[in-house]
Every structure is written in C-alpha cells, then in structure tokens.
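The primary structure of each chain is shown beneath.
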Amino acid sequence: MEAHEELLLWAKQKGVQLHGIEPRRMPGRGVGVVATEPLKPNQVLLEVPTSLLKSLSSVPRSVSRKLPRDMSVHGLLAADLALDESATHSKWDAVMPTKEEVMASLPLAWDPDLQEYFPKPARDSIRKQQTRFKRDWDIVHATFPSLLEEDYLYAWLLVNTRTFYYTTPRTEKLPRHDRMILQPVADLLNHADEGCSVSFDGRGFTIRSGRAYAAGEEVCICYGRHGNDVLLAEYGFALAAGRNRWDEVCLDDAVLPRLSARHRRHLEDRGFLGNYRLDAATVCYRTQVALRILCVPLGEWRDVVDGLDDGEAQQGEVDRLLILLLRELREGARETIANIEVATAGLDHQRQALKDRWVQIIDLVSSTILRLESSVAQEST
Ligand SMILES: C[S@@+](CC[C@H](N)C(=O)[O-])C[C@H]1O[C@@H](n2cnc3c(N)ncnc32)[C@H](O)[C@@H]1O
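Residues numbered from 1 in each chain as written. Predicted model: local features only at pLDDT ≥ 70, side-chain atom pairs only at ≥ 80, totals over all residues. Heavy atoms only, no water.

An unreviewed UniProt entry annotates the chain as SET domain-containing protein of Phialemonium atrogriseum.

Written as structure tokens, this is what we have:
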C-alpha cells in the first residue's frame, strides 16, 4: 500500500472526511489530490478536525518550555517536527517528501553560487528565508545542540511549504506570516493560480471547491497570488507560461540604476521608489511614474503625479524609454541564461529550472516590447 493510502486510513480514523477526492501521485509534483467524481462549485471536499492540527498549542511542553516564549511559530513547529521521534504521526510523516527531495527542490538549500542567478524577487525572498532560518536555528541549536542543522533545515522547509494560515485569539498578536498550522491530507493539495476555498472555525478546517471539476481532474488550492519568481523561491516550482495570472517581471534592476539621487528623492517622497513590475497585460503605474521623471521637467512630472495633467503629450517619450530599458533587461536575461549554461554550481534540474524561468521572463518582456512598439508606431502616424 502506498504511503498516502495508509495516511488516508489513519486520517479517516481520526475524523478527517473526504468527499469526492483522493490523494494520488502526480508526475512531477509529488502527491496531489484529484476528483474521484464530478464535483460542483462550493461543494465541501475536505474536513480536518482541530484535534489533528499541529499548532503553537500542540507543540509538546518538553520542546516549547525549553525555547524562548517569543520564538517564531515557524521555528517552534520545525523544532517539534525535527525532534519528534514518537510513532504518533508516523503515517503523516511518511507522505512528506524526503530530506533529499526537499533539499534538491527548495532554493534556500541550493548552492549559494546558483542562488545568485535568480531574478530579484526570488533573491529577495531567499534572503528573507535565510534571515528567518538563521534566527530560528541559532536558538534551536543553542537549546538542542545534538540536532543537526540539515535536519532542522529539512523540518523548517517542510513547515515553510506545507502550513496553512490560522488565526486564534492566541496567535492574533503574531505577525500574519507566523500564524500558521500544519494539517494532514490538506497539505497534499498542490497550488494553482485559483483554487478551492479554505476556511476554519473552532471545529477545524473545511475546503470547498471553487468551481466544477471533472472526475480525474487535479484539485488545487491557491497558496497566494504569487508570481513565478516567488513560487520558485518559496515552493521550488514555477507554473507553466500562461498558467499563472499573477505572474510578473520585476523591472527594478532595469529602472533603479537610471535614477539619480535627486530623482530617487522625489520618487521616494511620493511613494514611487522601487517595486516596478510588468505582467502579461500592463506595465505598472509606478514604472510609468519613475520613467516619466527621466523624460520631462520636474514641474510637468508633478502635474501628472498630482492628476493636473493626463501626461498624454509625453507618453510616446516614456514608451520609447521603456522599450529601451526592456531591451536591455532582455539582453541581461539572455546573458544570465548563457552564464547558467556554463555554471557548474548546483544540480542539472536546478539550473534547468532557473533557465526555464528566465525564458518565461524573456517571453513576457518580448511581448510587452511588441505591444509598446506598435502603440509608439500608431502615435507617430
Ligand atoms: C503543500 S505541498 C503539496 C503536496 C506535495 N506535492 C507533496 O508531494 O507532498 C507543496 C509542495 O508541492 C509541490 N507543488 C505544489 N504545487 C505544485 C505545482 N503546481 N507544480 C509543481 N509542484 C507543486 C512543491 O514541491 C511544493 O513545495
């Protein structure tokens, strides 16, 4: 019997209820959940009772009382997972990806030389994870010196990729990202850009279909409105091109170096410094504002920002500058791919995942360039 089938028997005995779904091995994405019959929108698919949640309250006192009271929930749950040698959760533990799989798929555990090739939002996310992991590990290592760092990292990454948002009177005061719990079976749901609804109350979690499903179709939840850079950095995968409505390309590395200290000050004063993005349909307003400051006198720029002028008269100039920057960005992306091709750091599939992501970025940038070129051509006729 497969581990996820044994998990199901255990979970059902403990009160988990599944309606029209079952876990199944999915090529390329570990275990997932599929519809076993046609499903209607808003149908209850899964119920997990509170008694089965691993939460701040369920961490045994033998672990929690040795750690500081202000330890992150993330760090505490990871310590519990890493130190738990009881058989209580053995059926659940058996379906989790192995340490080797986790270390190979999640960028926090990749060779630091390879991490440098990620696009900026992914690098930023990896850096944040590093900071949070180090803070938790320093505390746990001092308290449980025999625990190995790689075993704690494995547990910490499982928590990072498998928890659900959960707020109770006890967790309300914590930062939002730390109000987390682990739950069996629900943690087998893979991600799609739109998915089932997830809700909880005192009795437990309920997952309902967001739309109709055909029998055999994979049922997913949405881990958040993340672009592929963040999905790759946090969860170790990117959705296929055209399958992620939240995907975007960060333009900061192309725009910020162009801005003088004075420009930066003006943009900062108005809240427009950094976080420049494009998606499949548009280049964000922030980018338009930042590029406009490079194209027009300051007074005219202020009028547009203040809504006193629609800025149409200089839009062609802004678009031409944008095209130039996007071509540079595309060239930089091509160079990055060439550098990854000769790099030896990391594993083949990690380098491939990075190259695939850069190809997606090039495609998104190229279609934006085409769109802008045709609107600039129309303006000049
Ligand atoms: C909450 S778990 C989901 C269950 C997981 N597939 C398993 O085998 O246990 C999250 C992990 O599943 C994988 N995953 C989730 N959605 C995916 C998708 N759309 N494509 C590829 N992998 C996905 C990633 O490895 C991610 O870190």
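Next comes the rest of the account.
Assigned secondary structure in the chain consists of 15 helices and 11 strands. A principal-axis box enclosing the C-alpha atoms of the chain has dimensions of 70 × 50 × 45 Å. Within the chain, the fraction of its 381 residues that count as buried is 49%. Long-range pairs, those at least 24 residues apart, make up 68% of the contacts in the chain with a sequence separation of at least 6. Looking at the chain as shown, the accessible area adds up to about 19100 Å², and 50% of this sits on carbon and sulfur atoms. In the chain, 48 side chains carry a positive charge and 56 a negative one; their mean positions are 4 Å apart. (Helix = DSSP H or I, 4+ residues; strand = E, 2+ residues; numbered from the N terminus. Buried < 20%, exposed > 50% of the residue type's maximum accessible area, 1.4 Å probe, protein only. Contact = heavy atoms within 4.5 Å. Areas by Shrake-Rupley, 256 points an atom, 1.4 Å probe, with all protein chains shown as cover. Lys, Arg positive; Asp, Glu negative; His and termini not counted. Charge placed at Lys NZ, Arg CZ, Asp CG, Glu CD.)

On to the site of the ligand. In the vicinity of the ligand, 14 residues are found, and the nearest of them are R29, V31, N190, H191 and Y235. Within the side chain of N190, a nitrogen or oxygen atom sits 2.8 Å from a nitrogen atom of the ligand. In the complex, the protein chains occlude 87% of the 560 Å² of accessible area that the ligand would expose alone. Of the residues belonging to the shell around the ligand, the class tally is seven nonpolar, four polar and three charged. (Near = heavy atom within 4 Å. Polar contact = N/O pair within 3.5 Å; in protein donor to acceptor, adjacent residues only side chain to side chain. Nonpolar A, V, L, I, M, F, W, Y, C, P; charged D, E, K, R; others polar.)

The next subject is the sheet that holds strand β7 (residues 191-201). The strand order β1-β4-β8-β7 describes an open sheet built from four strands, whose pairing is antiparallel. Where the open sheet ends on each side, the last strands, each with one partner, are β1 (17-18) and β7. Sheet topology places strand β4 (residues 44-49) next to strand β8 (residues 204-208); five bridges connect them, and they run antiparallel. The partner of P49 across the bridge, within β8, is G204. (Pairing = 2+ DSSP bridges.)

Right, let's talk about the environment of K99 for a bit. Turning to its location among the elements, K99 is positioned in helix α5 (residues 99-105). Residues K99 and R135 lie 36 residues apart in sequence; the distance between their C-alpha atoms is 21 Å. If we ignore the near neighbours within four places in the chain, the residues touching K99 are E150, D151 and Y154. Of note is the side chain of K99, whose polar atom sits 2.8 Å from the side chain of E150.

We now examine the nonpolar core. If you look at soluble globular proteins, the nonpolar side chains tend to sit buried side by side. Counting 108 residues, the largest nonpolar core has L46, V140, Y152, V219, L251 and L267 as its most contacted members. Ranked by the residues each element gives to this core, the list is headed by helix α14 (residues 315-342), at 10 residues. Those residues within four positions of V219 in sequence are excluded, and the remaining contacts are I21, V33, V34, A35, L39, L45, L189, C196 and Y213. (Core = buried A, V, L, I, M, F, W, Y, C linked by side-chain atoms within 4.5 Å.)

On the surface, a cluster of negative charge is contributed by E300, D303, D309, D310, E312 and E379. Topologically, D303 is positioned in helix α13 (residues 298-305). By relative accessible area, which is 32% here, D303 ends up partly exposed. (Patch = residues over 30% accessible without salt bridge, like charges linked within 9 Å, V, L, I, M, F, W, Y side chains within 5 Å. Salt bridge = Lys/Arg side-chain N within 4 Å of Asp/Glu carboxyl O.)

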